[in-house]
Amino acid sequence: MAEAPLFVFDGDCVLCSRTVRFVLRTEAAAVVRFCAVQSATGQRLVTSLGLSEMPETFLFVENGHAYGRSEAAFRLAAYLRAPWRGLRLLRLLPRGLTDWAYDRVARNRYQWFGQQDTCLMPVPEQRERFILD
């Protein structure tokens, strides 16, 4: 049986936390799990992938493979309801272009959206979807 997809996000980033809330509201089925990179599990995952640090904003882990940048966003979009699932079609654009756009937002996310001092805390009925440690 395949493991549930995992969204590893920057818990200090307002945009990232808003994206988690957006996914929770718009998923086609409640299958994606969430983990802040600042958590012990998030740090172990980054290390196990051989990364020296978290890639800009988030990783998406699906079927044992970790994806970053625009590919992570496209894979995450596949789990959303219509019309949001259609964002996957942006994958048809050249990867260099989609990664360039992703990188611009990622590098400026704190300036444009802000930082928060505390990580997103799920409501009790969503707590089992979050890896909290």
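On a predicted model such as this, the values are computed, not experimentally measured, just so you know. (Residues numbered from 1 in each chain as written. Predicted model: local features only at pLDDT ≥ 70, side-chain atom pairs only at ≥ 80, totals over all residues. Heavy atoms only, no water.)

> I would appreciate a short explanation of the environment of Gln116 in the present structure.
Relative to the elements of secondary structure, Gln116 occurs in the segment after helix 4 (95-113). Taking the C-alpha atoms as reference points, Gln116 and Arg95, separated by 21 residues in sequence, lie 31 Å from one another. Not counting residues within four places of it along the chain, the set of residues in contact with Gln116 comprises Gly11, Asp12, Cys13, Val14 and Ser17. A distance of 3.1 Å separates a polar side-chain atom of Gln116 from the backbone oxygen of Gly11. (Helix = DSSP H or I, 4+ residues; strand = E, 2+ residues; numbered from the N terminus. Contact = heavy atoms within 4.5 Å. Polar contact = N/O pair within 3.5 Å; in protein donor to acceptor, adjacent residues only side chain to side chain.)

> Could you clarify how one ought to interpret a nonpolar patch on the surface in this entry?
A cluster of nonpolar side chains, namely Trp84, Leu87, Leu90, Leu93, Leu97 and Trp100, defines an oily patch on the protein surface of about 590 Å² accessible area. Along the polypeptide, Trp100 turns up in helix 4. (Patch = residues over 30% accessible without salt bridge, like charges linked within 9 Å, V, L, I, M, F, W, Y side chains within 5 Å. Areas by Shrake-Rupley, 256 points an atom, 1.4 Å probe, with all protein chains shown as cover. Salt bridge = Lys/Arg side-chain N within 4 Å of Asp/Glu carboxyl O.)

> Just to check I follow, could you spell out unusual backbone geometry for this structure?
As a rule of thumb, non-glycine residues mostly have phi less than zero, and peptide bonds are mostly trans rather than cis. The omega angle of the peptide bond from Ala82 to Pro83 is 5 degrees, so this bond is cis rather than trans. Residue placement: Pro83 occurs in the loop between helix 3 (69-77) and helix 4. A positive phi angle, near 55 degrees, is found at Arg69, a position not held by glycine. Inspection of the secondary structure assignment puts Arg69 in helix 3.

> For this particular structure, what's the right way to read the layout of surface pockets?
Left-over empty space is what a probe sized like a water molecule reveals as it rolls over the atoms. For the largest pocket, the calculated volume is near 600 Å³. Lining the largest pocket are 21 residues; nearest its centre among them are Thr19, Phe58, Ala73, Leu87 and Tyr102. Class assignment for the residues of the lining of the largest pocket results in 17 nonpolar, four polar and no charged. (1 Å grid on protein atoms, 1.4 Å probe; cavity = no way out; pocket = protein on both sides within 12 Å on 5 of 7 lines; lining within 4 Å. Points joined across faces, edges and corners; volume = space filled by probe spheres on them. Nonpolar A, V, L, I, M, F, W, Y, C, P; charged D, E, K, R; others polar.)

> Which parts of the structure should I look at to understand the side chain of Ser39?
With respect to the element layout, Ser39 can be found in the loop between strand 2 (33-36) and helix 2 (40-48). Separated by 2.7 Å, the side chain of Ser39 and the backbone oxygen of Ala36 make a polar contact.

> What's the story with the side chain of Glu71 in this structure? I'm lost.
Residue position: Glu71 is located in helix 3. Take Glu71: its relative accessible area is 10%, and that puts it in the buried class. There is a polar contact of 2.7 Å between the side chain of Glu71 and the side chain of Arg91. (Buried < 20%, exposed > 50% of the residue type's maximum accessible area, 1.4 Å probe, protein only.)

> Would you take a moment to explain helix 4 for this structure?
For the α-helix, the turn length of 3.6 residues means that residues three or four positions removed from each other point alike. In this model helix 4 runs 25 Å from its N-terminal to its C-terminal C-alpha over 19 residues, within 8% of the 27 Å that 1.5 Å per residue would give. All of the buried residues in helix 4 are Thr98, Asp99, Tyr102, Asp103, Ala106 and Arg109. Buried residues along helix 4 sit in contact with helix 1 (14-26), strand 3 (58-62) and helix 3. (Expected span 1.5 Å × (residues − 1).)

So yeah, pure geometry; function would need other evidence.
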